[in-house]
Amino acid sequence: MMPWLKQPASHRTADIAGVLLHSSRGGPNSSVQNDGPATEAWLSNPSNGSQAQGWGGSADLIIFGDGTRVRCLMWDRESPTYGAGYGDAGSWDASRFYLNVELAQHIESAPFDPRTIDSLAEWTARMSIEFHFPLVRLPFLWQKEQPIPKGITAHDATMNGRKYGKSDPGHMFPWDVYLTKAIDYQWKMQGGDGAMTPDERKLFDDLKREYEYTRDCLYVFALLQSFDLAGAKAKLAEMKSPR
């Protein structure tokens, strides 16, 4: 990785509020399987930004089509010089507050490899435990919010992305599958399965299925992550009731 693609960030551990997703988008001459290694090579290419400029396209992590993860910097004490930067005047730098992840996808219409999504979900779950952010999809980031919103966002859902016409990760990214997998991984990492009775596990699975159908994201995630099984049961009944 070229030295101008990362910068010291001694207090970043306290600053990290979540994950920010990107697509590699190497173009039609590439492929989902080739685009991850090509992105890794681009971070070592002197044509990517410059020392004089002081920045270039960079990331905390790259995930290949086969699920391989490449850590690009030490995110507990470094940040990318440009993953998703500033929005308009008076905004904050999204690269400082979110772990920027490049996902292998060579063109906007290409499906993501399921191995990429599974690898991302497992890593996100671990990061959510380490840095104490919820597994929720954030609404649009104006990058002026205070306090900094905690959760998961995407370049196309930030003011920086709007400013520069970004479309990644785009409409092909499977948000429901990803977030459901991440929740499962987080529960297992925290001993969730062992803490549930068979009836509670069935309720949990039913609730996930209902979530995938209704996309009632923020409320359902709050129930899942707090082990509020009584609240989950009430929400499940509400979901199943005629509207």
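Residues numbered from 1 in each chain as written. Predicted model: local features only at pLDDT ≥ 70, side-chain atom pairs only at ≥ 80, totals over all residues. Heavy atoms only, no water.

## Some remarks on the packing of aromatic side chains
Part 1: With the rule as written, the count across this model stands at nine aromatic pairs.
Part 2: Both rings, one in Phe 140 and one in Trp 142, keep their centres 4.8 Å apart while their planes meet at 70°; by these two values the pair is edge-to-face.
Part 3: Consider the rings of Trp 175 and Tyr 178, whose centres lie 6.1 Å apart with planes at 55°: the pair is tilted. With Trp 175 and Tyr 178 both in helix H6 (residues 175-189) and three residues apart, the pair spans about one turn of that helix. Both residues of the pair, Trp 175 and Tyr 178, count as buried.
Part 4: Among the aromatic side chains, those forming a connected cluster through ring pairs are Phe 112, Phe 173, Trp 175 and Tyr 178.
Part 5: It is Arg 71 that lies over the ring of Trp 75; its NZ or CZ is 3.7 Å from the centre.
Part 6: Taking the ring centre of Phe 140 as reference, the NZ or CZ of Arg 162 above it sits at 4.2 Å. (Phe/Tyr/Trp six-rings, centres within 6.5 Å; stacked < 30°, edge-to-face > 60°. Helix = DSSP H or I, 4+ residues; strand = E, 2+ residues; numbered from the N terminus. Buried < 20%, exposed > 50% of the residue type's maximum accessible area, 1.4 Å probe, protein only. Lys NZ or Arg CZ within 6 Å of the ring centre and 35° of its normal.)

## Concerning the confidence of the model for the chain
Part 1: When pLDDT is averaged across the chain, the result is 86; 80% of the residues are at 70 or more.
Part 2: Strand S2 (residues 18-23) holds the highest mean pLDDT among the elements of the chain, 98, whereas helix H9 (residues 217-226) holds the lowest, 50. (pLDDT = per-residue confidence, 0-100.)

## Remarks on the layout of surface pockets
Part 1: Here the largest pocket is characterised by a volume of approximately 380 Å³.
Part 2: Ser 23, Ser 24, Gly 57, Glu 102 and Lys 166 are the residues nearest the centre of the largest pocket, which is lined by 21 residues in total.
Part 3: Elements with a contribution of two residues or more to the lining of the largest pocket: S2 and helix H2 (32-42).
Part 4: Counting residues per element, the lining of the largest pocket draws most heavily on H2, which supplies four residues.
Part 5: Of the residues contributing to the lining of the largest pocket, the split by class is five nonpolar, 11 polar and five charged. (1 Å grid on protein atoms, 1.4 Å probe; cavity = no way out; pocket = protein on both sides within 12 Å on 5 of 7 lines; lining within 4 Å. Points joined across faces, edges and corners; volume = space filled by probe spheres on them. Nonpolar A, V, L, I, M, F, W, Y, C, P; charged D, E, K, R; others polar.)

## Description of the environment of Lys 188
Part 1: Along the polypeptide, Lys 188 turns up in helix H6.
Part 2: By relative accessible area, Lys 188 is classed as exposed at 51%.
Part 3: Counting along the chain gives 63 residues from Lys 188 to Ala 125, while the straight-line C-alpha distance between them is 9.6 Å.

## Here we look at H6
Part 1: Relative to the 21 Å expected for 15 residues at 1.5 Å per residue, H6 spans 21 Å between its end C-alpha atoms, a close match to the ideal helical length.
Part 2: Among the residues of H6, Trp 175, Asp 176, Tyr 178, Leu 179, Thr 180, Ala 182, Ile 183, Asp 184, Gln 186 and Trp 187 are the ones counted as buried. (Expected span 1.5 Å × (residues − 1).)

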